[in-house]
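If you want the building blocks of each chain, they are given just below.
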Amino acid sequence: MEPAVSLAVCALLFLLWIRVKGLEFVIIHQRWVFVCLFLLPLSLIFDIYYYVRAWVVFKLNSAPRLHEQRVRNIQKQVREWKEQGSKTFMCTGRPGWLTVSLRVGKYKKTHKNIMINLMDILEVDTKKQIVRVEPLVTMGQVTALLNSIGWTLPVLPELDDLTVGGLIMGTGIESSSHKYGLFQHICTAYELVLADGSFVRCTPSENSDLFYAVPWSCGTLGFLVAAEIRIIPAKKYVKLRFEPVRGLEAICDKFALEAQRPENDFVEGLLYSLEEAVIMTGSMTDKAEPSKLNSIGNYYKPWFFKHVENYLKTNQEGLEYIPLRHYYHRHTRSIFWELQDIIPFGNNPVFRYFFGWMVPPKISLLKLTQGETLRKLYEQHHVVQDMLVPMKCLQQALHTFQNDIHVSQGQAGSSGVVGGALGRGLAGGLRLRAARRGSLETLPSLPVARKEWAEPPMSLSPVGEKAPTPPPWSTQVYPIWLCPFILPSQPGLVHPKGDETELYIDIGAYGEPRVKHFEARSCMRQLEKFVRSVHGFQMLYADCYMNREEFWEMFDGSLYHKLRKQLGCEDAFPEVYDKICKAARH
């Protein structure tokens, strides 16, 4: 009886505290209280429901039978829109807060919402090495099923909640992308409902123009209803090597070298300062040395980025065997490193042992409970960007990131109103990775002490000019996520400048500005200008400050605009720029 009374008293005091301070005050200044007491349990219920549902649907084989019926319903909605005069553009009816992206699109309120309830794995064909899935299938669903039967995706972005549709219509990347490319490059077929309600299937040989134009189009060419994706045999473990590297030139050289080694199944880097990084290379294996086995995904284990940082602090190389699914979702529990600003003590061993099994909170729920005040704080005091640049420009790009984004890290929990309130986990990969980043998603940022530049290092850009050196007053946010990928010379919005496949790298930078009078617009425009100058690309989940002309300077719109005209999309869907520009989101 006494424990129940004590609990009731605590609950009463908590409610009184909220009443006195106000709910908005608690959500902004003490967000961890709200997250721990409400969002973590609710997120757990969400996860259990969706995993059980996916398992039951697959076992009963109901998804393939219902799929065609659901597609016909989507076609019916589109045709009804046409019969009613096509008065507004169309978009998917999925609520904006459910997406793993930084912002909520304003267009959801003004466009015709087409309901698309497609969230199941339809078929796994091990002979053809193909999995056929609906667009709302998540990476968590995919790994849970495929790994259990000995298969996996060649490119599997980290965060559990990233969806296939988001990874195709936006983009997706993983530490295996140096071998296989972006997520779109492992897809072999797309099925869409077009602006006139017709159904079409496209592959590299059938309706090939549409096949190459769909990635990065953000749903502005049609509604994706299914995709076929390559699968490869999986092994039990990832043999992961950790190597601390110091000196920017050495970091860039080492990273480029490892990204081109064919024996590396995975290559990833965490840059903890401009001169310090840990480069990780891995290969799949069925055998593991028991003494070096590390199940990093267990709820009581340290967050992955903190674990990696220990190798830098001790200046020692390391070798570990990580279970494959644990490796794929190594950044999920800490949402890369965003969770430290929402729950400052989240990596504390006591918290991990008693509450780690509920982590992380759903990014969609964090967004849903954000509120206008928190949204404005986030917009004004937080930077989240993923830029894709040629590997040959890596050194120059890292200097540019440091100089144009004047942000600092600060110790977890010590960032005042902004740090406690913003909860960088609102983003979701980024991917930065999201798109981890996903889709229009994926994100990172870590604490590293301010670095003083007594004699700033110089480097040469590809054209022989000195790279800009960090001003003595500038501060940075680390780690920066580094992920190499192959970019094939194919038609579409994103491709290399020349006619040959080129090695690119995803540079993810995220954090809170620490300079007075920070102006996000001017800083980001400088960064976007640099990326355009080296023929790079900006992930579209992030805030885009480019005007329309600059956007189409960065992306190749020739095939995209041709198809929009041919397929009658100009009156049915907004242009991709109008969905991702700053004015279209809040």
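Residues numbered from 1 in each chain as written. Predicted model: local features only at pLDDT ≥ 70, side-chain atom pairs only at ≥ 80, totals over all residues. Heavy atoms only, no water.

Selection criterion: UniProt positions are given in the numbering used here, feature names are shortened, and annotations may be inferred rather than shown by experiment.
The protein goes by Delta(24)-sterol reductase in an unreviewed UniProt entry, where it is assigned to Equus caballus. The Function (unreviewed entry) comment attached to the protein in UniProt states, word for word, "Catalyzes the reduction of the delta-24 double bond of sterol intermediates during cholesterol biosynthesis. In addition to its cholesterol-synthesizing activity, can protect cells from oxidative stress by reducing caspase 3 activity during apoptosis induced by oxidative stress. Also protects against amyloid-beta peptide-induced apoptosis." Per UniProt, the protein has the following entry under Pathway (unreviewed entry): "Steroid biosynthesis; cholesterol biosynthesis."

1. So, the pattern of salt bridges
Short version of the rule: Any Lys or Arg side-chain nitrogen located within 4 Å of an Asp or Glu carboxyl oxygen qualifies as a salt bridge. Runs of H or I in DSSP of at least four residues are treated as helices and runs of E of at least two as strands, each being numbered from the N terminus. Type-normalised accessible area, obtained with a 1.4 Å probe on protein chains alone, sets the label of each residue: buried when under 20%, exposed when over 50%, and partly exposed for intermediate values.
The full count for this structure, using the stated rule, is 23 salt bridges. Linking D265 and K179 is a salt bridge whose minimum nitrogen-to-oxygen distance equals 3.0 Å. Taken as a pair, D265 in the loop between α9 (248-259) and β11 (266-273) and K179 in helix α7 (residues 177-180) lie far apart in primary sequence, 86 residues in all. On the accessibility criterion, D265 (18% relative accessible area) is buried. With relative accessibility at 34%, the residue K179 sits in the partly exposed group. Note that R261 is salt-bridged to E263, the shortest N-O span being 3.9 Å.

2. Things to note about unusual backbone geometry
Backbone geometry places Q129, a non-glycine residue, at a positive phi of 55 degrees. Given a relative accessible area of 33%, Q129 falls into the partly exposed group.

3. A closer look at the state of the cysteines
As a reminder of what qualifies: Throughout, a disulfide means two cysteine sulfur atoms within 2.5 Å of one another.
All told, the structure shown has zero disulfides when counted by the stated rule. In this model C581 remains outside any disulfide bridge; the closest cysteine sulfur is found in C544, 7.2 Å from its own. By relative accessible area, C581 is classed as buried at 9%.

4. What about a nonpolar patch on the surface?
This is how it is decided: The patches reported here contain residues having more than 30% relative accessible area and no salt bridge. Joining distances are 9 Å for like charges and 5 Å for nonpolar side chains (Val, Leu, Ile, Met, Phe, Trp, Tyr). For the area figures, the Shrake-Rupley method with a 1.4 Å probe applies, and any residue is considered shielded solely by the protein chains shown.
A cluster of nonpolar side chains, contributed by I48, V52, W55 and V56, occupies part of the molecular surface with about 390 Å² of accessible area. Looking at the element boundaries, W55 is found in helix α3 (residues 31-60).

5. Focus: the environment of E570
Operational definition: Here a residue-residue contact requires only that any non-hydrogen atoms of the pair lie within 4.5 Å.
Among the structural elements, E570 can be located in the loop between α19 (558-566) and α20 (576-580). On the basis of relative accessibility, which here comes to 45%, the residue E570 falls in the partly exposed class. Once residues lying within four places of it in the same chain are set aside, the contact partners of E570 are F89, R564 and K565.

6. Observations regarding the packing of aromatic side chains
Applicable threshold: Here a pair means two rings of Phe, Tyr or Trp (six-membered ring of Trp) with centres within 6.5 Å. Their orientation is stacked below 30 degrees between planes, edge-to-face above 60, and tilted elsewhere. Whether a charge sits over a ring depends on NZ of Lys or CZ of Arg being within 6 Å of the ring centre and within 35 degrees of the ring normal.
On inspection of all chains with the given rule, the structure shows 19 aromatic pairs. Each residue in the set W216, F485, Y504, F537, F551, W552, F555, Y560 and Y577 is aromatic and connected to the rest through ring pairs, giving one cluster. Directly above the ring of Y327 sits R330, whose terminal nitrogen or CZ lies 4.1 Å from the centroid.

7. Observations concerning the sheet that holds strand β8 (residues 223-230)
The criterion, for reference: By definition, two strands form a pair when at least two bridges between them are found by DSSP. For helices, the fitted line uses only the C-alpha atoms of the stretch in contact; every axis is such a line through C-alpha atoms, and the angle between N-to-C directions lies from 0 to 180 degrees.
One open sheet accounts for five strands, arranged β3-β4-β8-β6-β7; its pairing is antiparallel. Each edge of the open sheet is held by one strand with a lone partner, namely β3 (121-125) and β7 (199-202). The average angle at which neighbouring strand axes cross in this sheet is 15 degrees, direction not considered. Alignment of strand β6 (residues 187-193) against β7, held across four bridges, turns out to be antiparallel. Across the sheet, residue E191 finds its bridge partner in β7, namely R201.

8. Overview of helix α10 (residues 304-314)
Buried within α10 we find F304, F305, H307, V308, E309, Y311 and L312. Elements in contact with the buried residues of α10: β10 (237-246), β11, β12 (276-285) and β13 (318-323). At the C-terminal side of α10, N315 shows a positive phi close to 55 degrees.

9. Brief notes about helix α17 (residues 520-533)
For an α-helix the count is 3.6 residues per turn, leaving residues at separations of three or four pointing the same way. As a reminder, the rule being used: Here, expected helix span is obtained from the residue count minus one, scaled by 1.5 Å.
Its 14 residues give α17 an end-to-end C-alpha distance of 20 Å, which sits within 8% of 20 Å, the value for a rise of 1.5 Å per residue. Of the positions making up α17, those classed as buried are A520, C523, M524, L527, E528, F530, V531 and R532. Backbone geometry just after α17 places H535 at a positive phi near 60 degrees.

10. Here we look at the side chain of E528
Definition in use: Only four residue types enter the charge count, namely Lys and Arg as positive and Asp and Glu as negative; His and the chain termini do not.
As for its placement among the helices and strands, E528 is situated in helix α17. For the buried E528, which has no salt bridge, the nearest side chain bearing the opposite charge is R525, at an N-O separation of 4.8 Å.

11. A closer look at the nonpolar core
As a rule of thumb, nonpolar side chains are buried together in soluble globular proteins. The line we're drawing: The definition of a nonpolar core used throughout is a set of buried Ala, Val, Leu, Ile, Met, Phe, Trp, Tyr and Cys residues joined through side-chain atoms within 4.5 Å.
Counting residues in each nonpolar core, the largest one holds 151 residues, and the members touching the most others are L153, F183, Y190, L192, I507, F551 and F555. When neighbours within four sequence positions are excluded, Y190 is seen to be in contact with I168, Q184, V200, R201, C202, F211, V214, P215, L224, A226 and A227. Core analysis: the next-biggest nonpolar cluster, separate from the first, contains five residues, V383, A520, M524 and Y545 among them.

12. Brief notes about the pairing of β10
Sheet topology places β10 next to β12; ten bridges connect them, and they run antiparallel. Bridged to L240 within β12 is G282. Sheet topology note: the β10/β13 ladder contains six bridges and is antiparallel. Bridge pairing in β13 links Y237 to P323.

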